[in-house]
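So the chains spell out like this:
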Amino acid sequence: MRKEDTMRYVDGFLLPVPKKNLRTYRKISQKAGAIWKEYGALEYRECAGDDLDNKWGIAYPKLLKLKRGETAVFAWIVYKSRADRDRVNAKVMKDPRMAKMMDSKKPIIDFKRMAFGGFTVIVDV
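Because the structure is a prediction, the values reported are computed rather than measured. (Residues numbered from 1 in each chain as written. Predicted model: local features only at pLDDT ≥ 70, side-chain atom pairs only at ≥ 80, totals over all residues. Heavy atoms only, no water.)

**Q** What exactly am I supposed to notice about the layout of surface pockets here?
**A** The probe, sized like a water molecule, is rolled over the atoms to show the empty space still left. Its boundaries defined by the atoms lining it, the largest pocket holds a volume of some 690 Å³. Lining the largest pocket are 29 residues, and of these Ile-28, Met-98, Met-102, Ile-109 and Phe-111 lie nearest its centre. Of all elements in the fold, only β1 (9-18), α1 (22-38), β2 (43-48), β3 (70-79), α3 (82-94) and α4 (96-102) reach the threshold of two or more residues within the lining of the largest pocket. Considering every element that reaches the lining of the largest pocket, the biggest residue donor is α1, with 7 residues. Residues that form the lining of the largest pocket fall into these classes: 20 nonpolar, 4 polar and 5 charged. Roughly 200 Å³ of internal volume is contained in the second largest pocket. Lining of the second largest pocket is provided by Leu-22, Tyr-25, Arg-26, Ser-29, Gln-30, Tyr-44, Glu-46, Cys-47, Ala-48 and Val-73. Listing elements by their share of the lining of the second largest pocket, those giving two or more residues are α1 and β2. Here the residues of the lining of the second largest pocket sort into 6 nonpolar, 2 polar and 2 charged. (1 Å grid on protein atoms, 1.4 Å probe; cavity = no way out; pocket = protein on both sides within 12 Å on 5 of 7 lines; lining within 4 Å. Points joined across faces, edges and corners; volume = space filled by probe spheres on them. Helix = DSSP H or I, 4+ residues; strand = E, 2+ residues; numbered from the N terminus. Nonpolar A, V, L, I, M, F, W, Y, C, P; charged D, E, K, R; others polar.)

**Q** Looking at this structure, how should I read the nonpolar core?
**A** The nonpolar side chains of soluble globular proteins are, as a tendency, buried together. In terms of nonpolar packing, the biggest core is built from 18 residues, with Leu-15, Trp-36, Ile-77 and Met-98 touching the most fellow members. Listed by contribution, the elements that provide at least two residues to this core are β1, α1, β3, α3 and α4. (Core = buried A, V, L, I, M, F, W, Y, C linked by side-chain atoms within 4.5 Å. Buried < 20%, exposed > 50% of the residue type's maximum accessible area, 1.4 Å probe, protein only.)

**Q** What is the right way to read α3 from this model?
**A** Because an α-helix packs 3.6 residues into every turn, residues spaced three or four apart end up facing the same way. Taking 1.5 Å of rise per residue, 13 residues should cover 18 Å, and α3 covers 18 Å from first to last C-alpha, within 8% of that figure. Taken as a whole, α3 has its buried residues at Asp-84, Arg-85, Val-88, Asn-89 and Val-92. Down the axis, α3 shows its buried residues gathered within 125° of arc, on one side only. For α3, exposure combined with an orientation more than 90 degrees from the buried face picks out Ala-83, Met-93 and Lys-94. Residues of α3 that are buried in the fold lie against β1, α1, β3, α4 and β4 (115-120). (Expected span 1.5 Å × (residues − 1). Arc of directions from axis to C-beta. Contact = heavy atoms within 4.5 Å.)

**Q** So what exactly am I meant to see when it comes to the pattern of salt bridges here?
**A** When their charged atoms lie close together, side chains carrying opposite charge are able to pair. Applying the stated rule across the entire model yields 8 salt bridges. Arg-85 is paired through a salt bridge with Asp-86; the nearest N and O atoms lie 3.0 Å apart. With its nearest N and O atoms 2.7 Å apart, the salt bridge here joins Arg-97 to Asp-95. Given a relative accessible area of 36%, Arg-97 falls into the partly exposed group. In this structure Asp-95 comes out as buried when scored by relative accessible area, which is 4%. Put simply, Asp-11, Arg-85 and Asp-86 are held in one network by salt bridges that share partners. (Salt bridge = Lys/Arg side-chain N within 4 Å of Asp/Glu carboxyl O.)

Right, dumping it as structure tokens:
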């Protein structure tokens with residue numbers, strides 16, 4: 001591992017998204033990603049499930065308890081360090097553009113089934 005990579009930090013997300021809402025979710029995510037990058041995130045990725053029926057380990061549909069018509073979205077944001085992640089996220093959460101995007105009386109995803117965590121990069125090949 002290179003020394004400069006030892007401090008990289010990643011926020012990871014796994015969430016259920018109704019397929020009918022995927023286009024709207026993508027538009028919102030593109031705007032959110034631009035805001036995260038504006039404040040210093042190095043990468044912002046959102047990926048929609050496409051090959052989820054595997055027999056090895058726990059499949060994402062089972063893990064997320066996907067309902068008919070839903071797919072899994074696997075997402076991550078890369079930062080220079082955990083301290084940088086905390087700085088970036090504080091700014092993002094105060095940004096009025098984010099508040100406007102999140103201000104919905106009818107959310108397009110079920111946040112109660114979303115998984116989230118912060119991770120230190122241990123391998124970067």
